Amino acid sequence: MIFPEDFVWGAATASYQIEGAVKEDGRGQSIWDTFSHTPGNVADGDTGDVACDHYHRFRDDVALMRELRLGAYRFSVAWPRIQPDGHGAINPRGLAFYDRLVDELLAAGITPYITLYHWDLPQALEDRGGWTDRDTAYRFADYAQVVHDRLGDRVRNWATLNEPWVSAFLGYGNGVHAPGRRDPAEALRSAHHLLLGHGLAARRLRDSGAGAVMLVVNSAPVLTPAQVNDPSAVASEEDAAAVDRVHALLTRQFLDPAVYGRYPDEVVAAAERNGGTAHIRDGDLALINAPLDLIGINYYNPCVVEAGPGLPADPAWPGSEGVRFAEADAPTTAMGWPIVPDGLSRLLIRLSQDYKQVGLMVTENGAAFDDVVENGRVHDDDRVAYLDGHLREVHRAIEAGVDLRGYLVWSLLDNFEWAEGYRRRFGIVHVDYATQERLPKDSAFWYRDVIVRNGL
Ligand code: PNW
């Protein structure tokens, strides 16, 4: 199974999950500092204060990436390192860190992919309303410009937001993520302002000569329970309506405005039932519909639903009244997430049909398992099987004609897994948090061989 010649192989991380050094070199506070330091929010009271100490160890980490033969590395920039207050004054020491990181990557022959926002909003902006406030979108575009001005001579690939669905609906809907607010109207407003921020930033990046502008979404095929193991299973009319509505809330809510400049009816209806649509101003959709080169897809598992007459909306899913979120009949990872590899090919094929003119890239895929270190090795056969199964589906999608540019594993390192803290390990490289020692797992060596062969 050989992949296209120019296929991009790499790994991904995010600033708050790996950097640590939260008080260093003038970094301001982010909503994740506040949230993780508030008891009860993160498993075991973990915080990102030290994380993988990547801020100090990035040279070693880049050397490791090189040994693993990664062609690309997707990382995020911490906005509060660049603008401690979220606007105005620029912190040169924060920019200098990413400058060093980029140079180190380029010297190692690794192509950097920058994500501008992977959830660490400056706390100062949250104090003014965070993403519920329209101004945050404009602040984000200014910040994007600052980072591009400094790194755009060496970095061609730019993602605006990582997973705006998660930012809006776990941050402001069910409160499982920072800033921990729980209000369906605020969540829907936030989703719109995130999109507006994307559009404003995407246009600024494009006007400044960025190579490729990308929006990264968490997406999934939405399936009935029967369709998990039988793609041809026919859904009842009621179940099919639940599937379509959840697909609109998860994926089309973000990609239809970005690619076509319109909201799905289901999203407008959700807003009408939750605080109204006044925040969607005339002209916003045209701004959101900025030229886009690539859609980044983060895929972990399918979303399984059926009709649930009379059920209230799930707090993470405003507009999901009458939907039952169901379990998949499939083995699970340590996160409890079902393992359904062909969900990835089904998703990629659907998205390539729905958003024809935009290329796709898998910007995250991977799994947490309960790894054990024995005699200096981690025999993570479960992770190898997960990655192997999903890469076969990536290949299948390419064979089916999907314009798929690359695959980035989540994650390079074990790291701070948000509300789950450090107890969930997604890395292909094990991190001993007591010593900060890095130990490539069997999956890392396996992945290196895949990259070298450009195939399975
Ligand atoms: C993604 N959900 O997060 C993120 O981009 C990563 O930072 C994260 O570490 C990785 O996936 C693994 O979790 C998600 O509940 C978190 O649907 C939660 C959900 C989806 C994605």
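In this report, the structure presented in the accompanying data block is examined. (Residues numbered from 1 in each chain as written. Predicted model: local features only at pLDDT ≥ 70, side-chain atom pairs only at ≥ 80, totals over all residues. Heavy atoms only, no water.)

## Notes on the pairing of strand β3 (residues 111-117)
Just so we agree on the cut-off: Here the term buried applies to any residue with accessible area under 20% of the maximum for its type, exposed to any over 50%, and partly exposed to those in between, with areas from a 1.4 Å probe on protein chains only. Here a helix means four or more residues in a row that DSSP labels H or I, a strand means two or more in a row labelled E, and each is numbered from the N terminus. A pair of strands is considered paired only if DSSP assigns at least 2 bridges between the two.
For β3, the buried fraction is high: six of the seven residues fall into the buried class. Where strand β2 (residues 72-76) and β3 come together, five bridges link them in parallel fashion. Bridge pairing in β3 places Ala72 opposite Thr111. Summarising the sheet, β3 and strand β4 (residues 157-162) pair through four bridges and their orientation is parallel. Within the sheet, the bridge partner assigned to Thr115 lies in β4 and is Ala159.

## Quick notes on the site of the ligand
Test applied: What makes a residue near a molecule or strand is one non-hydrogen atom of that residue sitting within 4 Å of it. N or O atoms within 3.5 Å of each other form a polar contact, as long as, within protein, one can give a hydrogen and the other can take it, and as long as residues adjacent in sequence are counted only when both atoms are side-chain atoms. Method for areas: the Shrake-Rupley scheme with a 1.4 Å probe, in which residue coverage is limited to the protein chains shown. Gly falls in the polar group here, along with every residue not listed as nonpolar (Ala, Val, Leu, Ile, Met, Phe, Trp, Tyr, Cys, Pro) or charged (Asp, Glu, Lys, Arg).
In the region of the ligand, 15 residues are neighbours, and Gln17, His118, Glu364, Glu417 and Trp418 sit closest. Contacts to the ligand include His118, whose side-chain N or O atom sits 2.8 Å from an oxygen atom. A distance of 2.8 Å separates an oxygen atom of the ligand from a polar atom in the side chain of Glu364. Considered on its own, the ligand offers 450 Å² of accessible surface; in the complex 84% of this is hidden by protein. Classifying every residue of the shell around the ligand by side-chain character gives eight nonpolar, four polar and three charged.

## A word on the nonpolar core
Threshold: Nonpolar cores were defined as sets of buried Ala, Val, Leu, Ile, Met, Phe, Trp, Tyr and Cys residues, with membership established by side-chain atoms within 4.5 Å. Contacts are assigned to residue pairs with any non-hydrogen atoms lying within 4.5 Å of each other.
Within the largest apolar cluster, 142 residues are counted, with the highest numbers of intra-cluster contacts made by Trp32, Tyr117, Ile295, Val394 and Tyr407. Take this core: its biggest share by element is nine residues, from helix α11 (residues 237-260). Other than its neighbours up to four places away in sequence, Val394 contacts Phe3, Phe7, Leu344, Val362, Leu404 and Tyr407. Membership of the second largest hydrophobic core comes to nine residues, among which are Ala72, Tyr113, Met214 and Leu408.

## Examining the pattern of salt bridges
This is how the line gets drawn: Here, a salt bridge means any side-chain nitrogen of Lys or Arg that lies within 4 Å of a carboxyl oxygen of Asp or Glu.
By the definition in use, this model includes 34 salt bridges. The closest approach of N and O atoms between Glu126 and Arg181, which form a salt bridge, is 2.5 Å. Of this pair, Glu126 sits in helix α6 (residues 123-126) while Arg181 sits in the loop between α8 (164-169) and α9 (184-207); the two residues are 55 residues apart in sequence, bridging distant segments of the chain. With relative accessibility at 10%, the residue Glu126 sits in the buried group. What emerges from the salt-bridge pattern is a single network uniting Asp371, Asp380, Arg383, Asp414, Arg425 and Lys441.

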